[in-house]
Each structure stands twice: as structure tokens, then as C-alpha cells.
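Summary of structural features
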Amino acid sequence: MARLSSLQEPMYSHLAELPLPRFDTTPWASGPELSKRRVAILSTAGLHRRQDRPFKAMDGDYRIIAGSSRANDLVMTHISTNFDRTGFQQDWNVVFPLDRLHDLAEEGTIGSVADYHYSFMGAADPSSMASHAKNLAGLLAGDQVDAALLVPV
Amino acid sequence: MGALAHYLEQERIPTTQISLIYEHTEAIKPPRALWVPFELGRPLGIPEDAPFQLRVLRPALKLLEAEQGPVLEEFPEDTPASAAGDSPEGDTWACPVNFTPSPAEETDQEKRASAFRQEAAELRPWYDLGRENRGRTAVADFDPETAAGILCDYLLDKGPMAGHTGMTPAVAIRLAAQDIKAFYFEALISRPDSDNPDSRAFADWFWGRTAAGRILRDIQAKCAGEDDEELRMTGQKFLVPMGH
């Protein structure tokens, strides 16, 4: 569905005209084979624990989601109204596939699941996330994470 | 999303990602991405379908073993709902809930607010049962009565809104609107006479046939005349989806 050409107005123009960050090069970090990787989820769905602060317009920071969280612990306060939320309301894995990562760890496809996962709110200006992402990289390394699974919404 | 991949890889954290908008990922060039053809809001495709979700995750994670990049692969399978949504012949869904009186006939705001509260009261038992059965709710901040109160009090100029300490009125209205939509959906899918509506069917029903949808559009219009910029922005962008 989400090739721009398949979207109808006014969504087409909204997304086609969105200013995008540009990068001259693509950095490349490598690691061991997949079956030995420790994987963390990084979402941009504006997810957080129920008792945590809701996201506000254009926040570029993130919320911490403990790996022990269950579906009822997690809510979504992304500011946009222009994407479907009924999928998340039925099954958190359609946005935040933590149960599926555990399935993959159990079958040996990945090595392990991180102790902590994170969510940004994707409507924020990407440049406002840069310093937070640098801080986050230290936290991921501290959790021995060598694979970040980035999941948009 | 792609920018985050750049930032993390610069710090030596390997990344892979799901992409929902092909052209954006193509332009940003993150190191590894799997584009999926699903609707926005459903990056893993189908709720309550673990085998399908695993079929998406495996190739996305496998990209971590690519030897060079950037690599942007395409997931070959669409979801039935997305495919139907792209087709004018897609199945139509008949919502079993018909509220009486029809909110579309009300012109007076007090009466529309009253119809909204009545709707919410009718749906509340189904929401409670669904929440109990699923052990979960996506309603985040406000129970349905508080959310309805915040929205109606603002619309009817009934003084300071209760129950949202520390929030600006604009944030409280946005979160109350989100919670009302989640409440309506969870109540609807809990009814024994409701076939699971897809996202488009639910949106068409909510925005076209409920007093709640009408109230949110009234609030959107009221926000447009506010001096407060945050309220104007909320009304303009954060309450009613494009196309509704």
C-alpha cells in the first residue's frame, strides 16, 4: 500500500512533500552471525509504559520499555491521526513485536532479546533525535545489544 | 526512522529496519531495510497472526548478515486487508451498532454532546467485557467518562477541564480524543455481532455515523478560532485524520 503513488490525496501530498534528512554516506556497523545477536526493538510509534509521560508535539526524545513489559503495560501517544491504530489495539506485536522476538530467540534464529527496548515519536524532526540517539547507543552497548530492529509506524 | 539508523550506526550499533514508505527509505538510505506493502500503522502486517509476523521479521533480521549496503529489499506478500483496501470491490462492512437518535440529525451542540455521552454509556459494558477478556486496553490516560467530559466541557465552554493535572488543554484534548477512539474500537470488536472491522471500515463508521466523530469535528472547528497556538495546531492536525 505505502508506495507514495498508491496513496490518495491529501495523504499523498503530505508525505511526498515531507522534508527528509539527507546523508552523504551510509555508515556500516557489522557483527556476528544472526544466531548470536542480541536484539533490541526501537520503535517510532510513540509507545511508552502506561505510567510514563505521554509524547508531546515534536518531542525528539525517547521512552524506555523494559523487556519484561506486557501488552497491557504499553500505550501509544503518537501525535499523528493519519495512521491506523486499530491493529495495535488488537495486538501490540503488529507494532512492537516483542513476543515474536522471543519466538525467534527460542527457535535459535537470534541469540537473545535485549533487556530494554525504546520508542521515539516519529513525527518529531529527525535532527532533534540525533543527540538522543547517541545517548541511546551507549545504553544499547551496555545491554550488549548488537542488533537494533527499527520499526516505524 | 532511517535517520535513526544513520545515527546509531555511526555509534557502531548495527541496525536493520522495516520500511513503510519506499520512497522515503530510498532517499534516506539507511544501511539495511525491508520494505513492506502494509498500511501505515501496521508494520508487522496482521494482528493476531504470529506466523505472518514471523515471515516479516525473519528477512528483516537476516539483512544484518548482508555484506554491504545500503540494502533495500521488498517483502513479497501483502495482507488481505491492504489488498482489499486498494480495490473498489473490497468487502464492505456493516456495523451492527445503530445509535438512536441518529446524531446526524442533531444541530444543537448540547444535544450532540448528550448523544455522545449516551453512545459512550451504551458502549461501556462491551468495552469492559473486552478489556476483561483480552486482559488489556490501549486506552492510555482517561477512562471514557473523563475523556468525554474533557471534550464536552471544552466544546460547551464549561470552565476548566478536570482530570488532567499538569497537561495543557490542547494535550488533554488530544489524548482524550485518542482514548475515545480506542474505547469505541475496543467496545465494537467485543460485541458478538461485530465481525472484526478493518481499519477503513472502523474509520468510516466512527467519522461518519457516531456522535463522537461529530463532536471531534466540532472541537476541530472551535480550535481554529482560538488565540492559543497549541489549541489551533491541535485542531488543525491532531484530532481528525486527513480525508475525514
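A brief structural summary. (Residues numbered from 1 in each chain as written. Chains lettered and ligands numbered in written order. Predicted model: local features only at pLDDT ≥ 70, side-chain atom pairs only at ≥ 80, totals over all residues.)

1. So, the overall build of chain B
We count it as follows: Per the convention used, a helix needs a DSSP run of H or I reaching at least four residues, while a strand needs a run of E reaching at least two, with both numbered from the N terminus. Think of it as a crowd count around each C-beta: if 20 or more other C-beta atoms lie within 10 Å the residue is buried, if 12 or fewer it is exposed, and in between it is partly exposed, with C-beta placed from the backbone throughout. What counts as a contact is two residues whose backbone-derived C-beta atoms lie within 7 Å of each other.
Across its full length, chain B carries 10 helices and three strands. Listed N to C, the secondary structure of chain B is α-β-α-β-α-β-α-α-α-α-α-α-α in terms of helices and strands. Going through the 244 residues of chain B one by one, you find that 46% of them count as buried. Contacts spanning at least 24 positions in sequence make up 61% of the contacts within chain B whose residues lie at least 6 apart.

2. Observations regarding the pairing of strand 3 (residues 71-74) of chain B
All names here are of chain B. Here is the rule we go by: Only strands joined by at least two bridges in the DSSP assignment are considered to pair. A clockwise course of the path from the first strand over the helix to the second, judged with the strands pointing away from the viewer, identifies a crossover as right-handed.
Both strand 2 (residues 32-35) and strand 3 contribute to a ladder of four bridges, which runs parallel. Bridging from a neighbouring strand, L34 pairs with E73 of strand 3. In this fold, the crossover linking strand 2 to strand 3 by way of helix 3 (residues 50-62) has left-handed handedness.

3. A few points about unusual backbone geometry
Across the junction of E9 of chain A and P10 of chain A, the peptide omega takes the value 5°, indicating a cis bond. When you line up the elements, P10 of chain A lands in the segment before helix 1 (11-16). The residue after G69 of chain B, namely P70 of chain B, is reached through a cis peptide bond having omega 5°. Relative to the elements of secondary structure, P70 of chain B occurs in the loop between helix 3 and strand 3. Of note, K29 of chain B is a non-glycine position whose phi angle comes to about 55°, a positive value. Relative to the helices and strands, K29 of chain B resides in the loop between helix 2 (22-28) and strand 2. Backbone geometry places E48 of chain B, a non-glycine residue, at a positive phi of 55°. Positionally, E48 of chain B belongs in the loop between strand 2 and helix 3.

4. So, the packing of helix 3 (residues 98-106) of chain A against helix 3 of chain B
What counts, and what does not: Only C-alpha atoms enter the line fits that serve as axes; for helices the fit covers just the stretch in contact. Angles between N-to-C directions range over 0 to 180 degrees. Should an angle lie under 35 degrees it is considered roughly parallel, over 145 roughly antiparallel, and from 65 to 115 roughly perpendicular; all remaining angles are considered oblique. Note that Gly is not counted as nonpolar here; it falls among the polar residues with everything else outside the nonpolar set of Ala, Val, Leu, Ile, Met, Phe, Trp, Tyr, Cys and Pro and the charged set of Asp, Glu, Lys and Arg.
At a minimum axis separation of 10 Å, helix 3 of chain A and helix 3 of chain B run at an interaxial angle of 75°. With respect to each other, helix 3 of chain A and helix 3 of chain B are oriented roughly perpendicular. Where helix 3 of chain A approaches helix 3 of chain B, its residues R100, D103 and L104 of chain A are matched on the opposing element by A50, Q53, L54 and L57 of chain B. For the contact of helix 3 of chain A with helix 3 of chain B, the per-class residue count stands at four nonpolar, one polar and two charged.

5. Comments concerning the nonpolar core
Note the threshold: By definition, a nonpolar core groups buried Ala, Val, Leu, Ile, Met, Phe, Trp, Tyr and Cys residues that connect through C-beta atoms lying within 7 Å of each other. Where each domain starts and ends comes from a domain assignment, either automatic or drawn from a database.
Core analysis: the largest hydrophobic core is formed by 110 residues, its most contacted members being A148 and L149 of chain A together with L4, L151 and A176 of chain B. It is helix 7 (residues 169-190) of chain B that contributes the most residues to this core, 14 residues altogether. When we break this core down by domain, the ones giving at least three residues each are domain 1 (2-85) and domain 2 (103-238) of chain B. Apart from residues no more than four positions distant in its own chain, L151 of chain B is found in contact with I173, A176, A177, I180, I215 and I219 of chain B.

6. A closer look at helix 9 (residues 211-224) of chain B
Operational definition: Under the convention used throughout, the expected extent of a helix is 1.5 Å for every residue step, that is, one less than its residue count.
In this model, helix 9 of chain B (14 residues) spans 20 Å end to end at C-alpha, consistent with the 20 Å of a helix rising 1.5 Å per residue. All buried positions along helix 9 of chain B are accounted for by A211, A212, G213, R214, I215, L216, D218, I219 and C223 of chain B.

7. Quick look at the interface of chain B and chain A
Counting from both sides, the interface comprises 75 residues of chain B and, opposite them, 73 residues of chain A. Those elements giving two or more residues to the side of chain B that touches chain A turn out to be helix 1 (2-10), strand 1 (15-19), helix 2, helix 3, helix 4 (80-85), helix 7, helix 8 (199-209) and helix 10 (229-238) of chain B. The residue makeup of the side of chain B that touches chain A, split by class, is 42 nonpolar, 17 polar and 16 charged. Where strand 7 (residues 147-151) of chain A and strand 1 of chain B come together, three bridges link them in parallel fashion. By the bridge assignment, A148 of chain A is partnered in strand 1 of chain B with T15 of chain B.

8. Re the pairing of strand 2 of chain B
Residue and element names in this part refer to chain B. Burial along strand 2 is two-sided: the face carrying R32 and L34 and the face carrying A33 and W35 are both buried. Direction of pairing for strand 1 relative to strand 2: parallel, over a ladder of three bridges. Paired with Q17 across the strands is A33, a residue of strand 2. Where the polypeptide runs from strand 1 across helix 2 and back to strand 2, its parallel neighbour, the crossover connection is right-handed.

Geometric descriptors of this kind do not, in isolation, establish any biological role.
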